[in-house]
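For reference, the chains in residue letters:
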Amino acid sequence: MPISVHDQTFHLRTSACSYVFAALPSGYLAHLYFGAPLRDAHVAHLQDPTNRAFSPYLPSGIMPDTLPQEIPAYGTGDFREPLVEIAGANGTTASEFVFVSYKISNGKPSLEGLPSFYVEDDSEAQTLEIELHDPISGAVVVLLYTVFEEYGAITRSVRVENRAQTPLHLRRVMSASLDFPTADLDWIHLSGAWARERDLVRAPLQRGSQSIESRRGSSSHQQNPFFALCSPHTTETTGEAWGLNLVYSGSFYSGIDVDQYGTPRAQIGINPFDFGWELQPGASFQAPEAVLMYSGAGLGALSRGFHRLIRQRLCKGTWRDKVRPVLVNSWEASYFKIDEDNIVRLGEAARDAGIELLVMDDGWFGTRDNDTTSLGDWTPHKTKFPHGLGSLGNRLNDLGLTFGLWVEPEMISPDSDLYRAHPDWCLHVPNRRRTEARQQLILDLSREDVCDYLIETMSGVLNGANIGYIKWDMNRNMTEVGSALLPANQQRETAHRYMLGLYSILTALTNRFPEVLFESCSGGGGRFDLGLLPFMPQAWASDNTDAISRLRIQEGTSLAYPAISMGAHVSDCPNHQVHRTTPFATRGAVAMAGTFGYELDLNKLSDAQKEAVKRQVAFVKETRELAQFGDFYRLKSVFTTQRNDGNEAAWMFVSPDQREAVVSWIQVLALPNAPHSLLHMAGLNPSLDYELIPIELGENPKPNSKAPLVLGGDVLINAGIRIANHQGDFHAKVWHLKAR
Ligand code: DGJ
């Protein structure tokens, strides 16, 4: 069984890891081990019995400040970061949680109001619920652990219940806290900015606190909730690594506190900064879910573990297992200059190229000719679309295309009929300026009436035409986070209530329109997180469509998120964000590492480029199951280290039966008289022979008269292939591997 209990020691065991903790006689929950699978849970000897100066002790002799714990609390001797901070009736926050009981059940419960991982069958996972009480404040904490045995993962979450007669004031409720025995570790996180999201950072742990966080009301471009710890020598294929992520889209905190004895405490959860929650007697508060993954075989295996679990047990609905359509998006083709005729012309070119979905981006509603107006007025622009969206949808459907539409429902323009009618529907603080970003404000989704309005308005849009896809954008972060409906003592609940409101809207819409494919977006990748993927199984990875910038963005993202979740498009050159010119083939090769599409005016391409588009689309259609459902291997990293100049990137996707693969290699800059380059492949069956078919994705392909190379999987993995020196920057090579 994945969960076993002996003498109050709990052993959570998956195919990839063991996680052990014990309820001590004092009632404290001591964390004992998280790492490679153990046969049994005999690790009690790991507890440190040393008496330490300046460390308070309990009557039982325990020193909370040195005890590794599952639920560290504040105020009774542990000076490190607490899991929860709760003020009771007397106003103090000192608390202490003692073990009361546990319950094991098959399957996994869903979390009230929040997205979470799930099982399809109760036999897939077991859940352990541990109840702990603070006898003085009346707070009860329930720790939930679900063990996904076959997926090698453990999810954790925390529920706080008020069993007192008076309200409790929650100041901090993290989702998971994890004490490690050594600080001889690197930590890896995905930090960045707009247009350069999820840039990989790896650094040795330092003494003291190190954290990443968002205070923006969304998971943000700047930091991503995901982080990993690994041993200093861990590589892509060897060594230990621990990964944590959060199923949440709002402000988060992911941090590691290395204490005086060199023991790190890693935590992840809602950002306690500006958070508060009034918990009435009898009520409970559910924190978002954290997911924990361990790999003893390097970062590649850690990523593949996350990819599989997210694809199969977080994403859900009709589109979870369906191949994603090749699309063309109107944004970089025409920006706001769209109308029925030019969209149909784009559709005709898309049809000729074999594209399946046309997404009409911003500019189709209200009087939206630029970004100063109309968010909230979701009716078709009268001069651009005089016949409405129904007619446009029909014309696109007649071309054989699915009709996709951009919306930004969470926003409101001050210049909109909606704002004029409901000026109090946005987040705001009385008497303070309402700070604008991109000339817009944010609707107050902590309000039920606003959520109901949005559900009905978006349902109206979706019912108004035959729409098969929605791009759900969100183009600013929260300021003046206050709600007109909450009393003063609950204002700090607004940001989290907003997220609950957003999830309720998305639940309603995805239930009403199960066939529609939703893609999330936040000025590109500003809300690329596990909280949105259950509703919107793909996300626009970045507003930066430059192929070379994308190497970093997509490799960083791949640490934690599967390729099928990453929107990636071929765009025009010089690129609109960085003004770089890259070969058409390279743009195609890079976009093929995500959900593939185009973001340019297909009618303005040369004939040779139009032919290249046809070949790219045909190749994507032939192989997309590999990228979308296969196993992903990073072969060469674009991130610089002491041993790697980052001038080459390479990756591959392998089918689950290992009979087929796509391998891509990109050279960033051409080097004079370049050193030899070897490419070792991965994930193949060493006993099979593979035909290596070079794929031409650019204009004017040269006829290839050579007989295809056939090599053993063992040779491709161990000896590799030699990459010929290539003159010219930004060069790409792609091979399709087929087992003979
Ligand atoms: C930001 C998105 O990331 C872009 O792709 C585009 O949809 C614009 N918003 C439209 O305003």
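### Describing the overall build of the protein
A tally of helices and strands in the protein yields 11 helices and 38 strands. Taken over the C-alpha trace, the protein has a radius of gyration of 27 Å; the compact-globule value for 740 residues is 27 Å, and the two agree within 12%. A principal-axis box enclosing the C-alpha atoms of the protein has dimensions of 80 × 70 × 45 Å. A sequence separation of at least 24 residues applies to 70% of the contacts in the protein between residues at least 6 apart. Carbon and sulfur atoms provide 50% of the accessible area of the protein, an area that totals close to 28000 Å². Side-chain charges in the protein split into 65 positive and 85 negative, and the spacing between the mean points of these groups amounts to 4 Å.

### Brief notes about the site of the ligand
Taken together, 13 residues surround the ligand, and among them Asp 361, Asp 362, Lys 471, Asp 473 and Asp 543 come closest. Contact between the ligand and Arg 438: an oxygen atom at 2.9 Å from a side-chain N or O atom of the residue. The contact in question runs from an oxygen atom of the ligand to an N or O atom on the side chain of Trp 540, over 3.4 Å. In the complex, 98% of the free accessible area of the ligand, which totals 290 Å², lies under the protein chains. Looking at the shell around the ligand, its residues break down into 4 nonpolar, 3 polar and 6 charged.

### So, the sheet that holds strand E33 (residues 660-667)
Through backbone hydrogen bonds, the strands of a sheet pair up, either in parallel or in antiparallel fashion. Pairing in this open sheet of 6 strands is antiparallel, and the strands run E31-E32-E33-E38-E35-E36 from one edge to the other. Looking at strand neighbours, the two that pair on one side only are strand E31 (631-636) and strand E36 (709-712), the edges of this open sheet. For this sheet the average axis-to-axis angle between neighbouring strands, irrespective of direction, equals 25°. Note: strand E35 (residues 689-694) against strand E38 (residues 731-739), 5 bridges, orientation antiparallel. Bridged to Leu 692 within E38 is Leu 737.

### Thoughts on the state of the cysteines
Enumeration according to the criterion identifies 0 disulfides in this entry. Among the cysteines around Cys 426, which has no disulfide bond, Cys 451 carries the closest sulfur, lying 14 Å off. For Cys 426, a relative accessible area of 0% puts it in the buried group. Cysteine Cys 521 is unpaired, with the sulfur of Cys 315 as its nearest cysteine sulfur at 17 Å.

### Let's talk about the pattern of salt bridges
Applying the stated criterion across every chain yields a total of 45 salt bridges. Across the salt bridge formed by Asp 274 and Arg 492, the nearest N and O atoms sit 4.0 Å from each other. One end of the pair, Asp 274, is in the loop between strand E17 (264-270) and strand E18 (277-279); the other, Arg 492, is in the loop between strand E26 (467-472) and helix H7 (494-512), and 218 residues separate them in sequence. For Arg 492, a relative accessible area of 45% puts it in the partly exposed group. Across the pair Lys 471 and Asp 361 runs a salt bridge, and its minimum N-O distance is 2.8 Å. Taken together, the residues Lys 471 in strand E26 and Asp 361 in the loop between strand E22 (357-360) and helix H4 (388-398) connect sequence positions 110 residues apart. A single network of salt bridges, built from pairs that share partners, joins Asp 65, Asp 78, Arg 80, Asp 179, Asp 259 and Arg 265.

### Focus on the side chain of Ser 303
Within the secondary structure, Ser 303 is located in helix H1 (residues 298-313). Among the polar contacts listed, one links the side chain of Ser 303 to the backbone oxygen of Leu 559, at a separation of 2.9 Å.

### Overview of the sheet that holds strand E28 (residues 538-540)
One closed barrel accounts for 8 strands, arranged E21-E22-E23-E26-E27-E28-E29-E30; its pairing is parallel. Strand after strand, the sheet turns through a mean of 30° between neighbouring axes, direction not considered. Summarising the sheet, strand E29 (residues 566-571) and strand E30 (residues 595-599) pair through 5 bridges and their orientation is parallel. The residue bridging Ala 568 from the neighbouring strand is Phe 596, located in E30. Docked against the sheet, helix H3 (residues 340-353) engages strand E21 (327-329) and E22, running at close to 155° with respect to E22.

### Thoughts on the packing of aromatic side chains
Applying the stated rule across the entire model yields 28 aromatic pairs. Between the aromatic rings of Phe 180 and Trp 242, the centroid separation amounts to 5.4 Å while the plane-to-plane angle is 85°, which identifies the pairing as edge-to-face. Highlighted residues: Phe 180 in the loop between strand E10 (168-179) and strand E11 (186-193) and Trp 242 in strand E15 (residues 241-247), separated in sequence by 62 residues. The exposure class assigned to Trp 242 is buried, which follows from its relative accessible area of 6%. Pairing Trp 331 with Tyr 335 gives two aromatic rings, centres 4.9 Å apart and planes at 75°, and the pair type is edge-to-face. Classification of Trp 331 as buried rests on a relative accessible area of 18%. Taking relative accessible area as the criterion, Tyr 335 reaches 31% and is therefore assigned partly exposed. Each member of the aromatic cluster is reached from another via a ring pair, and the members are Phe 10, Tyr 19, Phe 21, Phe 34, Phe 99, Tyr 102, Tyr 145, Phe 180, Trp 242 and Tyr 294. Here the guanidinium or amino end of Arg 172 rests over the ring plane of Tyr 253, the centre of that ring lying 5.7 Å away.

Rules used throughout
- Residues numbered from 1 in each chain as written.
- Predicted model: local features only at pLDDT ≥ 70, side-chain atom pairs only at ≥ 80, totals over all residues.
- Heavy atoms only, no water.
- Helix = DSSP H or I, 4+ residues; strand = E, 2+ residues; numbered from the N terminus.
- Rg over C-alpha atoms; globule rule 2.2 N^0.38 Å.
- Contact = heavy atoms within 4.5 Å.
- Areas by Shrake-Rupley, 256 points an atom, 1.4 Å probe, with all protein chains shown as cover.
- Lys, Arg positive; Asp, Glu negative; His and termini not counted.
- Charge placed at Lys NZ, Arg CZ, Asp CG, Glu CD.
- Near = heavy atom within 4 Å.
- Polar contact = N/O pair within 3.5 Å; in protein donor to acceptor, adjacent residues only side chain to side chain.
- Nonpolar A, V, L, I, M, F, W, Y, C, P; charged D, E, K, R; others polar.
- Pairing = 2+ DSSP bridges.
- Axes fitted to C-alpha atoms, helices over the stretch in contact; angles between N-to-C directions.
- Disulfide = S-S within 2.5 Å.
- Buried < 20%, exposed > 50% of the residue type's maximum accessible area, 1.4 Å probe, protein only.
- Salt bridge = Lys/Arg side-chain N within 4 Å of Asp/Glu carboxyl O.
- Phe/Tyr/Trp six-rings, centres within 6.5 Å; stacked < 30°, edge-to-face > 60°.
- Lys NZ or Arg CZ within 6 Å of the ring centre and 35° of its normal.

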